[in-house]
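This is what each chain is made of:
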Protein chains: 2
Amino acid sequence: MAAVLVCALAFTTTVAQAADPLLSWNDGKAKQSIVEFVAKVTKEGTPYYVPAAERIAVFDNDGTLWAEQPMYFQLLFALDRVKALAPQHPEWKTQEPFASLLKGDVKGALSGGEPAIAQIIMATHARMTTDEFDKIVRDWVATARHPRTKRLYTEMVYQPMLELLAYLRANGFKTFIVSGGGVEFMRPWTEKVYGIPPEQVIGSSIKTKFELRDGKPVLVRLPEINFIDDKAGKPVGIHQYIGRRPIAAFGNSDGDLQMLQWTAAGAGPRLMLLLHHTDAEREWAYDRKSHVGRLDKALDEAQAKGWTVVDMKNDWKTIFPFEKR
Amino acid sequence: MAAVLVCALAFTTTVAQAADPLLSWNDGKAKQSIVEFVAKVTKEGTPYYVPAAERIAVFDNDGTLWAEQPMYFQLLFALDRVKALAPQHPEWKTQEPFASLLKGDVKGALSGGEPAIAQIIMATHARMTTDEFDKIVRDWVATARHPRTKRLYTEMVYQPMLELLAYLRANGFKTFIVSGGGVEFMRPWTEKVYGIPPEQVIGSSIKTKFELRDGKPVLVRLPEINFIDDKAGKPVGIHQYIGRRPIAAFGNSDGDLQMLQWTAAGAGPRLMLLLHHTDAEREWAYDRKSHVGRLDKALDEAQAKGWTVVDMKNDWKTIFPFEKR
């Protein structure tokens, strides 16, 4: 009898999921705008139909696919790396921003602003081969824990967005990440976590150099910026990597504004969507005045132009996969 | 009766093609190395099996997928553009390399070497929007004719390589172009001609800048090099765009050597292949001393390491699709 009941429940769940691929989304304007857009562009024989090859959807990562508080996860990675590398750098004991960091004073270390952050990034992201860096990221992602939830960082992804990615792909879309974060910080895990292969990940990068070491070719990561994939850099990155204009774009901050503008300016049906972090209890609530993921100008433009704004508190049944019962 | 015969012939052709996807390749070592490699990596349950997601194949373009004589086709495009733009540039009448070019003295114009070529490229490829450049390329490709064959340039692609691209894709490979040519010169036509979508085309590029013009976003092409995807730049480009190492690489010149080295250095089965242009009658014959597509060091390394070398005269039944009867 119990077994029958379990089977019946499992069956019900399967049917419900088949019936609603966006199960973690509450019914409302946001969900409706997504479903209507997908129905429109996939319906053959209409003027709105978009061939599958042109169904390009771009997603910001920090704050759009995974969380970004109390600071960008890549910065937390860099701070962990400073600690791990400190024994090889005795000079860091007296050299800022490293000295403050090693004393546990993160706020003091970051008070140097962007130059301090750049120093931390270069000290932890460069001067190794690409294979070595790949392993460092994999090891960190497999073990490091978020300070508040104590979860792996790759568990702090948004369940409704995972459903949205799968829903778009099931409808012939090709899904890309277009993030201000480092491309080589994301590629080692995006395929497993989001179903997005490395070649569909666009991000910021440092330069690399091809070398033969004892006859073996390596790519060495240089402490020199190659490309910043943020703000006006996002359409540039999209054009450089994808070479065609997306028909759907998903972001959460002013860093995504130009990507949404670029997407909106194409012909035919378009979907521009912003996540508004409104749930202080289940996630975080922040927008116009936040240092991380500031959403100000883009929110005004979304309202003025009728883009979709997701109110995370009210539009999402579940935030993180680990909340699901 | 005639209709029956036509049907029968059509049926025979279909069956023959189904039996041999590399119909334009003569039986021999080159064809055998391709077929054996594909059989090996696609056979599940063996140590050589490669999951489909990792079946990345990279192809040079000039001299590998289409011809490159008497000079790179993109240079012929640039020369045509100089003529088209001359009325807007009266100063070119006295300014080299433009003055020589406009008098029909191509050799004289190009005698200035790389700086002269760079001047011609920037004068013809920059200072318009990406949409405008896309249209310029499409118009040229649809109308310009090769000086010797009088064919459209997109007809001067290699039939055996078209079959190879299709064969690899039918076996789960993802095919990429990795060319020293300009990425925006290739993307407008590679999907139609090779079945390779824009997001799988990697090439050299100039910088672009995002701007709002009367509220409408555009990307403006700047006269400034962004990336040179040649020689040691090819592994850099592969890593930057694809983020994983190919298992098969196809080239024809010393510009492809590092791409083949990078491919060869991965674990598991690998296929490195060089086309050797040996057919002066049906195509062109050139190698160690050619200014275009020089094949010298890479030929030595291929021979030393046992990479596949295609002798185009003897290995290919057909060179161009228009020769097929």
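Note that the structure is predicted; figures quoted are calculated from it, not measured.

(A) Layout of the confidence of the model for chain A. Of all residues in chain A, 94% have pLDDT values of 70 or greater, and the mean over the chain is 94. Scored below 50 in pLDDT, residues 1-17 of chain A shows two contacts in the model against residues more than four places distant or in partner chains.

(B) Spatial organisation of unusual backbone geometry. With an omega dihedral of 5°, the bond running from B:Gln69 to B:Pro70 counts as a cis peptide bond. Of note, the amide linkage connecting B:Glu96 to B:Pro97 takes the cis form, showing an omega dihedral of 0°. Structurally, B:Pro97 is set in the loop between α3 (73-85) and α4 (98-102). Positive phi values are uncommon outside glycine, yet A:Asp214 reaches one of about 50°. Summarising the element assignment, A:Asp214 is placed in the loop between β3 (201-213) and β4 (216-227). Judged by relative accessible area, which is 86%, A:Asp214 ranks as exposed. Positioned with a positive phi, B:Arg127 is a non-glycine residue whose angle comes to about 70°. Look at B:Arg127 and you get exposed, because its relative accessible area is 64%.

(C) Quick look at the environment of B:Thr175. Residue and element names in this part refer to chain B. With respect to the helices and strands, the residue Thr-175 is situated in strand β2 (residues 174-182). Given the relative accessible area of 0%, Thr-175 is considered buried. Thr-175 sits 10 residues away from Leu-165 along the chain, and the two C-alpha atoms are 6.9 Å apart. In contact with Thr-175, not counting residues within four places along its chain, are Ala-57, Phe-59, Leu-165, Leu-168, Arg-169, Ile-196 and Gln-200. Side chain to side chain, Thr-175 and Arg-169 meet in a polar contact 3.0 Å long.

(D) Fine view of the sheet that holds strand β1 (residues 56-59) of chain A. Residue and element names in this part refer to chain A. The strand order across the open sheet formed by seven strands is β4-β3-β2-β1-β5-β6-β7, and the pairing between neighbours is mixed. Each edge of the open sheet is held by one strand with a lone partner, namely β4 and β7 (308-311). Within the sheet, the average angular offset between the axes of one strand and its neighbour, ignoring direction, is 30°. Sheet topology note: the strand β6 (residues 271-276)/β7 ladder contains four bridges and is parallel. Paired with His-276 across the strands is Asp-311, a residue of β7. Packed onto the sheet, helix α6 (residues 113-125) meets β3 and β4 and runs at close to 175° relative to β4.

(E) Spotlight on the pattern of salt bridges. Tallying each qualifying case throughout the model produces 40 salt bridges over all chains. The partner of B:Lys31 in a salt bridge is B:Asp20, with the nearest N and O atoms 2.7 Å apart. Here B:Asp20 lies in the loop between α1 (2-19) and α2 (29-42) and B:Lys31 lies in helix α2, a separation of 11 residues in the sequence. On the basis of relative accessible area, B:Lys31 is assigned to the buried category, the value being 8%. Members of the salt-bridge network, linked through shared partners, are A:Lys174, A:Arg244, B:Glu191 and B:Glu199.

(F) Local environment of the side chain of B:His239. Along the chain, B:His239 falls in helix α10 (residues 233-241). Take B:His239: its relative accessible area is 12%, and that puts it in the buried class. A polar atom in the side chain of B:His239 sits 2.8 Å from the side chain of A:Glu184. The contact partners of B:His239, leaving out residues within four places of it in the chain, are A:Thr130, A:Glu184, A:Arg187 and A:Leu219.

(G) Spotlight on the pairing of strand β3 (residues 201-213) of chain B. Residues and elements named next belong to chain B. Relative to β3, β2 runs parallel, the two sharing three bridges. Each residue of the ladder has a partner; that of Val-178, found in β3, is Ile-202. Where β3 lies against strand β4 (residues 216-227), eight bridges are found, and the strand directions are antiparallel. Residue pairing across strands places Leu-212 opposite Pro-217, the latter belonging to β4. Taking the residues that link successive antiparallel strands as the turn, the β3-β4 hairpin has two residues, and the phi of Asp-214 there is positive, at about 50°.

Thresholds, definitions, all that
Every chain's residues receive numbers from 1 upward, in the order its sequence appears when written. The lettering of chains begins at A and the numbering of ligands begins at 1, in the order of writing. For a predicted model such as this one, the threshold for reporting local features is a pLDDT of at least 70, and the threshold for listing and counting side-chain atom pairs is 80 or more; totals across whole chains, interfaces and linings nevertheless cover every residue. Note that the side-chain values use all heavy atoms of the structure and ignore hydrogens as well as water. A residue's pLDDT is the confidence the predictor assigns to it, expressed on a 0 to 100 scale. Working rule for contacts: check all heavy atoms of both residues, and any pair within 4.5 Å makes them a contact. Under the DSSP-based scheme used, a helix requires at least four consecutive residues in state H or I and a strand at least two consecutive residues in state E, with every element numbered from the N terminus. A simple rule labels every residue: compare its accessible area, found with a 1.4 Å probe on the protein chains alone, to the largest value its type can have, and call it buried under 20%, exposed over 50%, or partly exposed in between. Definition of a polar contact: a pair of N or O atoms within 3.5 Å, with one able to donate and the other able to accept a hydrogen when the atoms are protein atoms, and with sequence-neighbouring residues admitted only if both atoms are side-chain atoms. The criterion for strand pairing is that DSSP finds at least two bridges linking the strands in question. Axes here refer to lines fitted to C-alpha atoms; in helices the fit is confined to the stretch in contact. Angles between the N-to-C directions go from 0 to 180 degrees. Every case where a carboxyl oxygen of Asp or Glu lies within 4 Å of a side-chain nitrogen of Lys or Arg is listed as a salt bridge.

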